[in-house]
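Coordinates in review
This is what each chain is made of:
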Amino acid sequence: MSRNRLTLVRRMRSDSSGLALIEFAFAAPILLALSLTGAELTHYITTKMRMSQLALHLADNAARIGSGSQLSAKRINEADINDLFIGAGLQGGELDLYEHGRVIISSLEPMANPNEDGTFRIRWQRCRGAKTDHESTYGDAGDTDLDGMGIAGRQAIAPENGVTMFVEVYYEYQPLLGEHLAPSTSMVEIGSMMVRDRRDTAGGNNGVYPVSGVTPSSC
């Protein structure tokens, strides 16, 4: 091998000018995958937090509705409940809650029979959302002898002679980049709140009064 060729080989062996580019080429796919996964996880967690807050706010609002004086039990009607759903849809914003999910509101009350102390019933239930295949995870309207509603061990209950509003929000997650990067394709968040005032639970249709021209959000 000629001297010039030997010199060229030695120079090529000691040349590191392209090393950074080669290292970047190997690292770029890993960095890209980590970045995309991080973005998807952040979007998923943010969406889950919004659904959780929505369930709690909706339960709180449901516990406040009703009309009547301080001397009489407050009445609620179908228009009141529909307004709750409208507010939840607005709060969901660009997530399109009712296109990709379903919201279920339940009225949890103690059993009326004094021999059934410590158990509860779902007097009425209202729903909204396109995902009608999803049914309540914790009970349906008319169910009786319940220990409460919610996750076992920390179920929501209703006070004596009172009412607790229980809300379930089911949502099919809309991925930012791809479903394979998200922990799950759906989520269920719950919220509950005790009704502060006395509520008329006997009048109307199981405690919900009809309103002319208003269609109930039946389940």
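For the structure given in this document, a descriptive report is provided here. (Residues numbered from 1 in each chain as written. Predicted model: local features only at pLDDT ≥ 70, side-chain atom pairs only at ≥ 80, totals over all residues. Heavy atoms only, no water.)

So, on to unusual backbone geometry. Notably, Asp96 is not glycine yet its phi reads approximately 50°, a positive angle. Tracing the sequence through the fold places Asp96 in the loop between α3 (78-92) and α4 (97-100). By relative accessible area, which is 36% here, Asp96 ends up partly exposed. With a phi close to 55°, Asn206 is a non-glycine residue in the positive phi region. You can see Asn206 is positioned in the loop between β5 (186-194) and β6 (208-209). (Helix = DSSP H or I, 4+ residues; strand = E, 2+ residues; numbered from the N terminus. Buried < 20%, exposed > 50% of the residue type's maximum accessible area, 1.4 Å probe, protein only.)

What follows deals with the packing of aromatic side chains. Here the structure, examined in full by the defined rule, presents three aromatic pairs. Ring geometry for Tyr44 versus Tyr173: centroids 5.0 Å apart, planes at 75°, classification edge-to-face. Within this pair, whereas Tyr44 is found in helix α2 (residues 19-64), its partner Tyr173 is found in the loop between β4 (164-172) and β5, the two being separated by 129 residues in sequence. On the basis of relative accessibility, which here comes to 9%, the residue Tyr44 falls in the buried class. On the numbers, 5.7 Å between centres and 80° between planes, the contact of Tyr138 with Phe166 is edge-to-face. A residue pair is termed long-range when its members are at least 10 positions apart, and Tyr138 in the loop between β3 (120-128) and β4 and Phe166 in strand β4 qualify at 28 residues. Classification of Tyr138 by relative accessible area gives partly exposed; the value is 22%. (Phe/Tyr/Trp six-rings, centres within 6.5 Å; stacked < 30°, edge-to-face > 60°.)

Within the secondary structure layout, Glu109 lies in strand β2 (residues 101-110). On the basis of relative accessible area, Glu109 is assigned to the buried category, the value being 4%. In this structure the side chain of Glu109 is engaged in a polar contact, spanning 3.1 Å, whose partner is the side chain of Ser107. Beyond its immediate sequence surroundings of up to four residues, Glu109 is in contact with Phe120, Arg121, Arg123, Ala158, Gly162, Val163 and Thr201. (Polar contact = N/O pair within 3.5 Å; in protein donor to acceptor, adjacent residues only side chain to side chain. Contact = heavy atoms within 4.5 Å.)

Turning to the nonpolar core, a few remarks are in order. With 30 residues, the main nonpolar core has Leu97, Val103, Ile105, Met165, Val167 and Val169 as its most contacted residues. At the level of secondary structure, the elements contributing two or more residues to this core comprise α2, α3, α4, β2 and β4. Broken down by element, the residue count for this core peaks at eight residues, all from α2. In contact with Val169, other than residues within four places in its own chain, are Met51, Leu54, Ala55, Leu97, Arg102, Val103, Met187, Val188 and Glu189. (Core = buried A, V, L, I, M, F, W, Y, C linked by side-chain atoms within 4.5 Å.)

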